[in-house]
Amino acid sequence: MFKRQVLLECISALLILLFVYASLSKFLDFRTFYKEMDNQPLPNSWTPVLVWVIPCTEVAISVSLIFERTRLLGFYSSLIVMGLFTIYTGIVLAHFFPYVPCSCGGVIKRLTWTQHLFLNLFFVGISIVGVVIQTRKRFTQISVNSKNKNSFV
Amino acid sequence: MKKIKATILSLAVVFSVCAAFATKPHWDCTTLPQYWFNGTGYQPVSQFYGCMQGSTTCTFYTLNGGITYSPCAVGTYNNCPSCTVETPNAPHINTAH
């Protein structure tokens, strides 16, 4: 139980590390990030929305992973976001778009698309592990609580 | 357990914030080799290029040897803004005396 809890904390920490770093890097170099988003093969009218939605979602996921009550939601959100990024990377690697400038923050933009895919897959994997452990933990807590209630009756 | 949790999570937050500030680009992208997108691929800019008025990305730079390109200057790329193109029908003026 203790080991599982420590593993859960480590998974949360890794995801927080990724999302806080990625979002902060975008905010710190917002002008470049805006221009990079403008150059994505998406309608340019989406850019003003996406430049705020993406980093703010990353911050929200990081915050939700800190608190026990919202952690499961955080793991699910992380799984969805990282899954979407992985699909996008896969599409890029399949040469679906004629050009795709990188739109990630900090040192992550120095990775090749293949390295990017493996990084994303790793975070998808640990998000799945997080969802499984957190769900089991919840079920255990619920069953323990219901047993305690029944013992009082 | 609460202490372990607080330690791990605060370390993650502190480390990511420090890393983000440490890797913040502090150079001027125009000091790096510039490329322009010609519709199919990225080409090195000409020696006398210029960025004309416009809201699109004029030039790009790369940090990983051409794997990905990031936007740098804003505007419309012009190969040589100061060049005057001689039209074939234009009268030739001889300035040599």
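Since the structure is predicted, the reported quantities are computational estimates derived from the model, not experimental observations.

Q: How would you explain the overall build of chain B if you had to name every residue and give the values?
A: On a plain count of helices and strands, chain B comes out with 1 helix and 6 strands. Along the chain direction, N to C, the helices and strands of chain B fall in the order α-β-β-β-β-β-β. Across the 97 residues that make up chain B, the buried fraction comes to 19%. Expressed as a percentage of contacts within chain B between residues at least 6 apart in sequence, the contacts between residues at least 24 apart total 45%.

Q: Just give me the short version of the overall build of chain A, but keep the residues and values in it.
A: Counting secondary structure elements, chain A contains 5 helices and 0 strands. Here chain A holds 153 residues, and 35% of them are scored as buried.

Q: I'd like a description of the environment of V92 of chain A, backed by residues and values.
A: Looking at the secondary structure, you find V92 of chain A in helix α4 (residues 71-93). Each C-alpha atom of the pair V92 of chain A and L117 of chain A lies 9.9 Å from the other, and the pair is 25 residues apart in sequence.

Q: If you had to explain the interface of chain A and chain B to someone new, which residues and values would you point to?
A: Taken together, the contact between chain A and chain B spans 29 residues of the former and 26 residues of the latter. Elements supplying a minimum of two residues to the side of chain A that touches chain B: α1 (2-28) and α2 (30-38) of chain A. Tallying contributions element by element places α1 of chain A first for the side of chain A that touches chain B, with 13 residues.

Q: Describe the nonpolar core, naming the residues involved and giving the relevant values.
A: Ranked by size, the top nonpolar core spans 20 residues in total, and within it L15, I16, L17, L18, F19, V20 and Y21 of chain A carry the most contacts. Going through the elements one at a time, α1, α3 (47-66), α4 and α5 (113-152) of chain A together with α1 (2-22) of chain B are the ones with two or more residues in this core. With 12 residues, α1 of chain A is the largest single contributor of residues to this core. Formed by 9 residues, the second largest nonpolar core is a distinct cluster that contains F37, C51, F60 and Y77 of chain B.

Q: Break down the confidence of the model for chain A for me, with residues and values.
A: Here chain A averages 84 in pLDDT, and 88% of its residues register 70 or above. The secondary structure element of chain A with the lowest average pLDDT is α2 of chain A, at 78, and the one with the highest is α3 of chain A, at 94.

Q: Could you give me a rundown of α4 of chain A, with the residues and numbers involved?
A: Residues and elements named next belong to chain A. Spanning 23 residues, α4 covers 32 Å between terminal C-alpha atoms, matching the ideal 33 Å at 1.5 Å per step. If you check which residues of α4 are buried, you get R71, G74, F75, S77, S78, V81, M82 and T89. Just downstream of α4, H95 is the residue with a positive phi angle, here 55°.

Q: Any details on the packing of α3 of chain A against α4 of chain A? Residues and values, ideally.
A: Axes are the key here: two packed helices are described by the angle between their axes and the distance separating the axes. Residues and elements named next belong to chain A. Put simply, α3 and α4 touch, their axes get as near as 7 Å, and they point 145° apart. The hand of the α3/α4 crossing is left-handed. Contacts from T57, I61, S64 and L65 of α3 reach α4 at R71, L73, G74, S77, S78 and V81. Across the contact of α3 with α4, the residue classes tally to 4 nonpolar, 5 polar and 1 charged.

Q: Residues and numbers for the confidence of the model for chain B, please.
A: Taken over all residues, the pLDDT of chain B has a mean of 78, while the share at 70 or more is 79%. Contacts from residues 90-97 of chain B, a stretch scored under 50 in pLDDT, to residues over four places away or in other chains number 0 contacts.

Q: Any chance you could break down the packing of α1 of chain A against α3 of chain A for me, citing the residues and the numbers?
A: Residues and elements named next belong to chain A. Packing of α1 against α3 brings their axes to within 8 Å, and their N-to-C directions diverge by 150°. With respect to each other, α1 and α3 are oriented roughly antiparallel. When the axes of α1 and α3 are compared, the crossing they make is left-handed. Residues S12, L15, I16, F19, V20, A22, S23, K26 and F27 of α1 form the contact with α3, whose participating residues are P55, E58, V59, I61, S62 and L65.

Q: Which residues make up the environment of M82 of chain A, and what values do they have?
A: Residues and elements named next belong to chain A. On the secondary structure map, M82 appears in helix α4. The exposure class of M82 is buried, given the 24 C-beta atoms found within 10 Å. Taking the C-alpha atoms as reference points, M82 and V53, separated by 29 residues in sequence, lie 15 Å from one another. Here M82 is in contact with N120, F123, V124 and S127, once residues within four sequence places are set aside.

Parameters at a glance
- Residues numbered from 1 in each chain as written.
- Chains lettered and ligands numbered in written order.
- Predicted model: local features only at pLDDT ≥ 70, side-chain atom pairs only at ≥ 80, totals over all residues.
- Helix = DSSP H or I, 4+ residues; strand = E, 2+ residues; numbered from the N terminus.
- Buried ≥ 20, exposed ≤ 12 C-beta atoms within 10 Å, placed from the backbone.
- Contact = placed C-beta atoms within 7 Å.
- Core = buried A, V, L, I, M, F, W, Y, C linked by C-beta atoms within 7 Å.
- pLDDT = per-residue confidence, 0-100.
- Expected span 1.5 Å × (residues − 1).
- Axes fitted to C-alpha atoms, helices over the stretch in contact; angles between N-to-C directions.
- Left-handed = near helix turned anticlockwise from the far one by under 90°.
- Nonpolar A, V, L, I, M, F, W, Y, C, P; charged D, E, K, R; others polar.
- Parallel < 35°, antiparallel > 145°, perpendicular 65-115°, else oblique.

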